[in-house]
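Read off the chains here:
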Amino acid sequence: MSKSLPSTVLIDVKDLEAGYGKGKHRTQALKGISFQVRSGECVGFIGANGAGKSTTLKILMGFRFPDAGEVTVFGCPAGEPESRARIGYLPEVALYYPFMKAGELLALYGGLGGLSKSELKDLIPDILKKVGLAGKENELLKSFSKGMQQRLGIAQSLITEPELLIYDELSSGLDPLGRHDLRELLNDLKKQGCTIFFSSHELGEVESLCDRVIMIHQGHLLRDAPLNDLLEECGDRSLETFYIQTLRQEAKAGE
Amino acid sequence: MKVSSIFLVARTVWLEAVRRRDIYAIVMIACLLFAVVMSLDFFQLEGLNKFYREFALKFMSTATAITVIVLSARQLPREFETRTIYPLMARPLSRFEFLLGKLLGVWFTSLFCFALFMVVFLFGMLYLRADLQWGIFLQYLYLQALMMGILAALGFVLSLLCNIDAAIAFASLLFFLGSTMASMVNMIYTLSTPAIKWILIVLTWLTPQLFLFDLSEKTVHSDIWSPIPASVIGSLSLYALLFISVYFSITLLLFRRKAL
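Residues numbered from 1 in each chain as written. Chains lettered and ligands numbered in written order. Predicted model: local features only at pLDDT ≥ 70, side-chain atom pairs only at ≥ 80, totals over all residues. Heavy atoms only, no water.

Caption draft 1: Molecular detail of the overall build of chain A. Assigned secondary structure in chain A consists of nine helices and 10 strands. For chain A, the C-alpha atoms occupy an extent of roughly 60 × 40 × 40 Å along the three principal directions. Counting the 255 residues in chain A, one finds 53% classified as buried. Intrachain contacts of chain A at a sequence separation of at least 6 include 65% that bridge at least 24 residues. Of the roughly 11300 Å² of accessible surface on chain A, a fraction of 48% belongs to carbon and sulfur atoms. (Helix = DSSP H or I, 4+ residues; strand = E, 2+ residues; numbered from the N terminus. Buried < 20%, exposed > 50% of the residue type's maximum accessible area, 1.4 Å probe, protein only. Contact = heavy atoms within 4.5 Å. Areas by Shrake-Rupley, 256 points an atom, 1.4 Å probe, with all protein chains shown as cover.)

Given below as structure tokens:
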């Protein structure tokens, strides 16, 4: 992984607003959130279902467009091919072409990322080994289980050795061993200077990986603080305690 | 524009078509049908040759058209449904490159399918020891290839305007009833008011006249027809490229700001 300059702002979100539907059926998913992610950070993005996490990540990748606000990634407007070239993305739910073999799929994504055939020849077996799919490059994806597909998803996100990883629902579909392996892999990448920004409902996972946590609720930013500060707030118990306390306070305030 | 990215997307379309084996099923059916036709013994030899050519060329044209319509209409909706578009568009790939790759992939796949049919057809011709006027036959092949490009571009635009089923139905209707509709328009035109005449003219120019690309009749009766002039082929090429460009531009316009 190539390291970015220290403390460079990689993701810059300002007053972001976005919604779904039209007219009367319009639902405002994001109501003016702002945050930054700097190089070398590992930031957890948490919130209840429907809080706006996936919408935010989709906007960062250029899959959706904001109604208002400004979003830049690596200094470019979100979704520009130049910024996407430096990102490894794992979607919340993704199926991969069932008619392809694992090696072919990684060659496709690597090729689109600008890697040559000779580079991919060495890289593909290595990356499959890293995610626990060693020797599976010639197997058709239609024979892959959900967990194997998720592992392959992680492999495709790492194939171009990106500087920034954006993961939507980090360990969805993985068994406990898979989650453990993934945590180890991400910790290694962190040590190498890779920036990681991910959403997850697994708060233990967020706690074990992140330096900072961003919490959103119903399209609003609730908290953006270092993990230790949040743990101190709830008496050094756990992120789960903080999360539940914060959501209860929000519910009371809304009554 | 990165040509290698366009090629990679196009190759994925081709790989899917080849691995799903739909094409082979159609070619197998073609082989069986051609074999049945060749075994018919109630024709004189010359009659059988013509019947075989007529049947085979019509069948190949229709089967390829259906293949290209189905392939093109399902490309984009399937990517959205299965969410395979996310990891793909997470790469440094522009929406223009993605669409162009898909369109070229469908076009080349249909040409591959058509080439398989041609091999079967030519074996049949060899078996029957039938003569073939190569000039007009090559023109038939070229115009069919252009028509497939139009159908592919049409399938894409329709799949974004409506759903897969409606896109397939509409494009098929245009292919199957195109010549009948054109004859009807000709008949109605002479009896119409000036306002209706304008509507008919606009309709005629808005919809591709696919029957113009069908030289199968002339290929069958090539003993009485000579190859069509190069100027007509050139005009038809421009006509096809214009429709492909317009349909592709509309697809790009619809897809450019589409939320995935």
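Caption draft 2: Spatial organisation of helix 6 (residues 134-161) of chain B. An ideal rise of 1.5 Å per residue puts 40 Å on 28 residues; helix 6 of chain B measures up with 41 Å between its terminal C-alpha atoms. For helix 6 of chain B, the buried fraction is high: 22 of the 28 residues fall into the buried class. (Expected span 1.5 Å × (residues − 1).)

Caption draft 3: Summary view of the side chain of Thr56 of chain A. Considering the arrangement of structural elements, one finds Thr56 of chain A in helix 1 (residues 53-61). Apart from the residues lying within four places of it in its own chain, the contact partners of Thr56 of chain A are Leu16, Leu30, Ile33, Phe35, Phe45 and Ile216 of chain A.

Caption draft 4: A look at the packing of helix 7 (residues 164-191) of chain B against helix 8 (residues 194-206) of chain B. All names here are of chain B. Direction vectors running N to C along helix 7 and helix 8 enclose 160°, while the axes themselves pass 9 Å from each other. Taken as axis vectors, helix 7 and helix 8 run roughly antiparallel relative to one another. As helix 7 runs across helix 8, the sense of the crossing is left-handed. Listed contacts from helix 8 to Val185, Ile188 and Tyr189 of helix 7 are Lys197, Leu200, Ile201 and Thr204. By residue class, the composition of the contact of helix 7 with helix 8 is five nonpolar, one polar and one charged. (Axes fitted to C-alpha atoms, helices over the stretch in contact; angles between N-to-C directions. Parallel < 35°, antiparallel > 145°, perpendicular 65-115°, else oblique. Left-handed = near helix turned anticlockwise from the far one by under 90°. Nonpolar A, V, L, I, M, F, W, Y, C, P; charged D, E, K, R; others polar.)

Caption draft 5: How the structure looks around helix 10 (residues 230-256) of chain B. The terminal C-alpha atoms of helix 10 of chain B, which comprises 27 residues, lie 38 Å apart, in line with the 39 Å expected from a rise of 1.5 Å per residue. Those residues of helix 10 of chain B that sit buried are Ile233, Leu236, Ser237, Tyr239, Ala240, Phe243, Ile244, Tyr247, Phe248, Thr251, Leu252 and Phe255 of chain B.

Caption draft 6: Spatial organisation of the nonpolar core. Ranked by internal contacts, the top residues of the largest apolar core, which has 165 residues, are Leu152 and Phe197 of chain A. The dominant element in this core, judged by the number of residues it contributes, is helix 6 of chain B, at 15 residues. Once residues lying within four places of it in the same chain are set aside, the contact partners of Phe197 of chain A are Ile11, Phe35, Val37, Val43, Phe45, Leu57, Leu60, Leu165, Ile166, Tyr167 and Ile214 of chain A. (Core = buried A, V, L, I, M, F, W, Y, C linked by side-chain atoms within 4.5 Å.)

Caption draft 7: Local environment of the packing of aromatic side chains. Residues and elements named next belong to chain B. One pass over the structure, following the stated rule, counts 23 aromatic pairs over all chains. The interplanar angle of 75° and the centroid separation of 5.8 Å between the aromatic rings of Trp14 and Phe112 together place this pair among those described as edge-to-face. Placement of Trp14 in helix 1 (residues 3-20) and of Phe112 in helix 5 (residues 95-128) is noted, with a sequence separation of 98 residues between them. Aromatic pair Phe98 and Phe255: ring centres 5.5 Å apart, planes at 25°, arrangement stacked. One end of the pair, Phe98, is in helix 5; the other, Phe255, is in helix 10, with 157 residues separating them in the sequence. (Phe/Tyr/Trp six-rings, centres within 6.5 Å; stacked < 30°, edge-to-face > 60°.)

Caption draft 8: Broad picture of the pairing of strand 6 (residues 87-90) of chain A. Residue and element names in this part refer to chain A. Going residue by residue along strand 6, you find Ile87 and Tyr89 tucked away on one face and Gly88 and Leu90 tucked away on the opposite face as well. One ladder, built from four bridges, connects strand 6 with strand 7 (residues 164-168); its direction is parallel. Along strand 7, the bridge assignment pairs Ile87 with Leu164. (Pairing = 2+ DSSP bridges.)

Caption draft 9: Highlighting the interface of chain B and chain A. Each partner contributes to the interface: chain B provides 26 residues, whereas chain A provides 31 residues. When chain B packs against chain A, close to 2700 Å² is buried across both sides, 61% of that on carbon and sulfur atoms. Considering only the surface of chain B that becomes buried against chain A, Arg19, Arg91 and Pro92 of chain B emerge as the three largest contributors, covering 24% of it. Our count for the contact surface shared by chain B and chain A stands at 10 residue pairs in polar contact (both at pLDDT 80 or more). Of all the secondary-structure elements, those providing two or more residues to the side of chain B that touches chain A are helix 1, helix 3 (45-82) and helix 4 (85-89) of chain B. Partitioning the side of chain B that touches chain A into residue classes produces 12 nonpolar, four polar and 10 charged. (Buried area = accessible area lost by both parts, 1.4 Å probe. Polar contact = N/O pair within 3.5 Å; in protein donor to acceptor, adjacent residues only side chain to side chain.)

Geometric descriptors of this kind do not, in isolation, establish any biological role.
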